[in-house]
Amino acid sequence: MKLKKFGSTEQRIYDLVAPIVTELGYLVWDVRYEKEGASWYLRVFIDSETDTISINDCEKVTGPISDMLDETDPISQSYILEISSAGLEADLIRESHFDACIGSQVRARLIRPMEGSNEREFVGVLSDWNKERICLETESNTVEIPFPALAFVKLYFEFE
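Residues numbered from 1 in each chain as written. Predicted model: local features only at pLDDT ≥ 70, side-chain atom pairs only at ≥ 80, totals over all residues. Heavy atoms only, no water.

Re the pairing of strand β3 (residues 80–85)
The line we're drawing: One bridge is not enough; two strands pair if DSSP finds at least two bridges between them. Segments assigned H or I by DSSP are reported as helices when at least four residues long, segments assigned E as strands when at least two residues long, and all are numbered from the N terminus. A clockwise path from the first strand over the helix to the second, with the strands pointing away from the viewer, defines a right-handed crossover.
Summarising the sheet, strand β2 (residues 39–47) and β3 pair through 6 bridges and their orientation is parallel. For Ile-46, the partnering residue across the bridge sits in β3 and is Ser-85. The parallel pair β2 and β3 is bridged by helix α2 (residues 55–72), and the resulting crossover is right-handed.

Right, here's the structure in full:
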């Protein structure tokens, strides 16, 4: 797994939408500008420090962002705007995600088991990270996992 950086379009959109989203009481978790088939999608993922994100929260953010994008026209081609929640099990793919999730329960899946183990998945508290590896405090021990060995890291929510 490699840490993802914003592309120039994503960074430009992040800089435009972050003040709006913050003013409305939310956080921008991620911005993705992606092509799927013949269509381009501009996806803005929002989160909250205090509550889960509902469809009403997404609707509340959509209008002001759409209006601002219509006014500034930062993307020359047509695209579909989607505003959604980062989700209970949000992907950690950017440095800011790892910084924000120190002390949070995460699930890390490996591409293949590490040497001397059959385990490919770990659940634990993200205690530390740097650009080379993550550290998880599991129920039984501390696990250091190098980034190249990771398939993904997500917030972990135990459904009952």
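Here we look at the packing of aromatic side chains
Where we set the bar: Stacked, edge-to-face and tilted are the three classes for Phe, Tyr and Trp ring pairs, Trp counted by its six-membered ring, which pair at centre distances within 6.5 Å; planes under 30 degrees apart are stacked, over 60 edge-to-face, the rest tilted. Buried means the residue's accessible area, taken with a 1.4 Å probe over protein chains only, is under 20% of the maximum for its type, while exposed means over 50%, and partly exposed covers the values in between. Geometrically, a charge over a ring is one whose NZ (Lys) or CZ (Arg) sits within 6 Å of the ring centre while staying within 35 degrees of the ring normal.
Under the defined criterion, the tally for this structure stands at 6 aromatic pairs. Relative to Tyr-14, the ring of Phe-6 lies with its centre 5.3 Å away and its plane at 35 degrees, an arrangement referred to as tilted. Accessibility expressed as a relative area gives 26% for Phe-6, which makes it partly exposed. Where Phe-98 meets Trp-129, the ring centres are 5.3 Å apart and the plane angle is 35 degrees; that geometry is what we call tilted. Pair noted here: Phe-98 is in helix α3 (residues 95–100) and Trp-129 is in strand β5 (residues 121–129), with a separation of 31 residues, a long-range link. The pair formed by Phe-98 and Trp-129 is uniform in burial state, with each residue classed as buried. One aromatic cluster in this structure is built from Phe-98, Trp-129 and Phe-147. Directly above the ring of Tyr-41 sits Arg-43, whose terminal nitrogen or CZ lies 4.5 Å from the centroid.

A closer look at the sheet that holds β2
Our working definition: For helices, the axis comes from a line fit to the C-alpha atoms of the stretch in contact; other axes are also lines fit to C-alpha atoms, and the angle between any two N-to-C directions lies between 0 and 180 degrees. In what follows, residue pairs with any heavy atoms lying within 4.5 Å of each other are defined as contacts.
Pairing is mixed across the open sheet formed by 3 strands, whose spatial order is β1-β2-β3. Here the strands that pair on one side only, and so sit at the sheet edges, are β1 (27–36) and β3. On average, each strand axis in the sheet is inclined to that of its neighbour by 20 degrees, with strand direction left out of account. Helix α1 (residues 8–23) rests against β1 and β2 of the sheet, and its axis sits at about 145 degrees to β1. Contacts from α2 reach β2 and β3, with the element oriented near 145 degrees to β3.

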